[in-house]
Structures are given as structure tokens and as C-alpha cells.
Amino acid sequence: MTESDTFKALLVDQRDGATETSIRDLRLDELPEGDVLVRVAYSDLNYKDGLAVTGRGKILRRFPMVPGIDLAGTVVESRDPAYRPGDEVVLTGWGIGERYWGGYTQMARVQAGWLVPLPAGLTLQQAMAIGTAGFTAMLGVIALEDRGLAPGGRELIVTGATGGVGSIALAVLARLGYDVAASTGKADAHDYLRELGARTIVDRATLAPMGRPLESERWGGAIDAVGGATLAALLPAMATGASVAVCGNAGGAELHITVFPFILRGVSLIGIDSVICPYDRRRAAWDRLARDLPLDLLERMTQVAPLAQVPELSRQIVEGRVRGRIVIDLGQE
């Protein structure tokens with residue numbers, strides 16, 4: 001591919017304070033600097049991407065910007081000896097789609113240190129069906145395991161269970177042998193959640209703070225992708241020594257809670273940051289996903305869409321109308 005050849009990319013810009021989105025033909029010399037040139041096969045759609053594309057959240061740090069916080073593709077050129085043309089690679093986090101041009105483009109120039117090799121046993125499409133959502137879910141599982149979680153104990157709970165993080169966390173935990181409850185506000189999603197492995201369905205409306213500093217011990221651990229009032233309701237009901245991995249704020253960023261779950265039951269609240277994650281831990285999480293995530297369930301929770309549908313799908317995801325995972329096929333018209 002020469003500098004004068006063109007490829008398609010979705011750009012977000014601002015004009016008079018309004019967000020404008022368009023699919024444009026770009027040239028290689030319009031790409032930002034980077035060590036590795038990647039032909040992007042797939043990206044995906046996360047809640048953060050929906051906020052960026054719709055302009056409903058202050059996600060993008062500069063304009064014009066190519067959004068998309070994940071990408072998977074094949075190396076075309078590399079100035080770093082770690083990668084060679086033909087290598088299949090995955091990129092999640094590191095600020096792409098926010099501070100740096102992201103995955104909604106057929107060609108991307110990125111830093112070599114941001115990449116990981118495609119894990120054995122996964123295709124590029126499967127890697128993006130996992131994406132930041134699944135990567136975050138696995139980091140949450142590993143964090144709970146690091147604090148002693150093992151199968152055979154009390155029931156776990158996953159909040160926001162129909163979303164990308166929740167769906168994959170639920171499928172992984174069930175595959176590992178845990179009894180898992182799935183929290184959702186969607187009455188029509190119960191069969192879907194049971195298919196992923198949920199033993200119990202918890203109505204999101206019942207996860208509201210009761211006002212008491214401690215409730216009866218129920219949960220042996222939790223992965224919370226919601227935050228806000230839902231997290232405030234979980235913490236008083238955690239068992240002694242249990243941990244909560246928190247990785248989202250779709251239900252609110254504020255947390256109104258007493259210190260009693262922490263100082264009387266030794267509950268741990270673990271923040272999961274999937275953006276800046278050390279390489280070794282990143283590789284380990286991807287290897288675990290290739291091993292511990294049932295790929296047949298991943299396929300059933302995934303839909304594939306072309307780049308042209310990203311604006312409409314972005315509106316749907318921020319309105320809570322998306323279930324599971326959406327893969328964006330950069331080769332599909």
C-alpha cells in the first residue's frame with residue numbers, strides 16, 4: 001500500500017459545539033506517527049465508544065478523532081523488531097479512540113508497546129468479540145482469584161450482566177465452576193443469562209441501598225460493571241473477606257456507603273483499570289480468555305456490523321438497548 005492509496009475511517013469532529021460523525025477516505029500520510037502499521041480487520045463497540053461517537057460523554061480529548069478503543073488486524077510495516085509483517089495483533093486500551101486515533105479505520109499506525117500478539121486459539125474476529133469488555137472482565141476474575149476466590153464457596157454476583165463486561169464475566173465464572181447470580185433490569189434477558197451460566201437472576205430494582213450499614217452476608221464475591229447505587233447495595237451484603245471488582249459506572253460515579261463493610265467484614269473493593277495495564281498481565285489475561293471463555297457462548301452473544309452502522313449502534317448502546325457484544329467488521333460495506 002502506498003502513501004497515496006486511500007482507506008476508509010470514521011472521524012468525529014466538533015463544529016459550533018455539536019458532534020459530527022462521517023466516514024471519510026484517508027491516505028496513509030494522514031495517519032499519526034507510530035512504530036507499527038496495522039491493517040485493521042475488526043474493531044468493536046463498547047459503552048465508552050458509544051459515548052464518544054454520540055458526543056454524550058467527554059471521551060474524546062482532541063478533534064478530529066477516529067474513535068474505537070479496540071482493534072485487531074495484521075501488521076503491514078514495523079520499525080520495532082517485536083513485530084513483523086504478517087503478524088496478527090490485538091490492541092485494547094492505552095488511550096486509543098480517546099487521545100490517539102483508534103480502531104474505526106481500515107489502517108492504523110500505533111506504538112508497538114500497545115500491541116499484544118493474537119492469542120493462540122482465537123481469530124481476529126473472536127478477539128474483538130472479547131475486546132476491552134472481555135479483557136476487563138478477565139482482569140476482574142483474576143483480581144478476585146488473587147484475593148483467594150475459589151469455586152465451592154458462596155454465590156457470586158455479576159451486575160450489568162447483559163452488557164459486554166457482564167456477559168463475558170458470567171460465562172467465564174460459570175465455566176470455572178462458580179455459582180453465579182446475574183443482575184439485570186431486563187425481564188426479557190433471563191433466558192440469555194441462564195444460557196451463559198447464571199444460576200440465579202436478580203432483578204436490578206432489588207439491588208437498591210436499604211440504608212443499613214450491613215445486611216445479611218450473601219455474596220462471596222462480585223464483578224460490578226454498574227457502580228452507583230447498585231454497588232452501594234452490594235457492599236453491605238458481601239460476606240466476610242469477600243471482594244468486589246469494580247469496573248464500570250453506567251449506574252453512576254458516586255458511591256454513598258459507610259466504612260463498616262470494610263472494617264467489620266474485611267471486604268475489599270478492587271478497582272479494575274484495563275487501559276494502562278502492564279504487558280505481562282495483559283498477555284496473561286488474554287491467554288486466560290482463550291482458555292476459559294467458552295467460544296460457542298461468545299459467538300451467541302456477538303453480532304457483527306459494518307462501520308456504517310456505528311453511529312446508530314452507538315445511540316443504542318448508550319440507551320441500554322444492546323445485549324452482549326458488537327464486532328465492527330472494517331471490510332464489510
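Attention here is on the structure that accompanies the text. No experiment lies behind these values; they were computed from the predicted model shown.

With that settled, the discussion passes to the overall build of the protein. A count of helical and extended segments in the protein gives nine helices and 15 strands. For the protein, the C-alpha radius of gyration of 20 Å lies close to 20 Å, the compact-globule estimate for 333 residues. Taken along its principal axes, the extent of the C-alpha atoms in the protein is 65 × 45 × 35 Å. Burial analysis of the protein (333 residues in total) assigns 53% to the buried set. For the protein, the proportion of contacts with a sequence separation of at least 24, taken over those separated by at least 6, is 71%. For the protein, the separation between the mean place of its 34 positive charges and that of its 40 negative charges on side chains is 4 Å.

On to the pattern of salt bridges. Opposite charge on two side chains permits pairing when their charged atoms draw close. Tallying each qualifying case throughout the model produces 21 salt bridges. The partner of Arg321 in a salt bridge is Glu319, and the shortest N-O contact between them spans 2.7 Å. Look at Arg321 and you get partly exposed, because its relative accessible area is 49%. Looking at Glu319, the relative accessible area reads 41%, which means it is partly exposed. Salt bridges here are not isolated pairs; linked through shared partners, they connect Glu145, Arg288, Arg291 and Asp292.

Right, let's get into the sheet that holds strand E8 (residues 156-158). Read across the sheet, six strands follow the order E10-E9-E8-E11-E12-E13 without closing on themselves; strand pairing throughout is parallel. Since the sheet does not close on itself, it has two edges, and those belong to strand E10 (200-203) and strand E13 (268-271), each with one partner. If you compare each strand with its neighbour and ignore which way they point, the axes differ by 20° on average. By the bridge criterion, four bridges tie strand E9 (residues 180-184) to E10 in an arrangement that is parallel.

What follows deals with the environment of Arg218. One can find Arg218 in the loop between E10 and strand E11 (221-224). Arg218 sits 50 residues away from Ile168 along the chain, and the two C-alpha atoms are 22 Å apart. The contact partners of Arg218, leaving out residues within four places of it in the chain, are Arg154, Glu155, Thr200, Val202 and Ala237.

This paragraph deals with the packing of helix H2 (residues 124-146) against helix H3 (residues 164-175). Packed helices, taken two at a time, are described by the angle their axes make and the gap between the axes. Contact pair H2 / H3: the axes reach a minimum separation of 8 Å and the direction vectors enclose 55°. It follows from the interaxial angle that H2 and H3 lie oblique. For the pair H2 and H3, the sense of crossing is right-handed. When H2 is examined against H3, the residues Ala129, Ile130, Ala133, Gly134, Thr136, Ala137, Met138 and Val141 are found in contact with a partner set consisting of Gly164, Val165, Ile168, Ala169, Val172 and Leu173. Of the residues that constitute the contact of H2 with H3, the class distribution is eleven nonpolar, three polar and no charged.

Structurally, the position occupied by His190 is in helix H4 (residues 190-196). For the pair His190 and Asp203, spaced 13 residues apart in sequence, the C-alpha to C-alpha distance is 9.9 Å.

Calculation notes
Residues numbered from 1 in each chain as written. Predicted model: local features only at pLDDT ≥ 70, side-chain atom pairs only at ≥ 80, totals over all residues. Heavy atoms only, no water. Helix = DSSP H or I, 4+ residues; strand = E, 2+ residues; numbered from the N terminus. Rg over C-alpha atoms; globule rule 2.2 N^0.38 Å. Buried < 20%, exposed > 50% of the residue type's maximum accessible area, 1.4 Å probe, protein only. Contact = heavy atoms within 4.5 Å. Lys, Arg positive; Asp, Glu negative; His and termini not counted. Charge placed at Lys NZ, Arg CZ, Asp CG, Glu CD. Salt bridge = Lys/Arg side-chain N within 4 Å of Asp/Glu carboxyl O. Pairing = 2+ DSSP bridges. Axes fitted to C-alpha atoms, helices over the stretch in contact; angles between N-to-C directions. Parallel < 35°, antiparallel > 145°, perpendicular 65-115°, else oblique. Left-handed = near helix turned anticlockwise from the far one by under 90°. Nonpolar A, V, L, I, M, F, W, Y, C, P; charged D, E, K, R; others polar.

Limitation: the analysis is restricted to geometry and does not speak to function.
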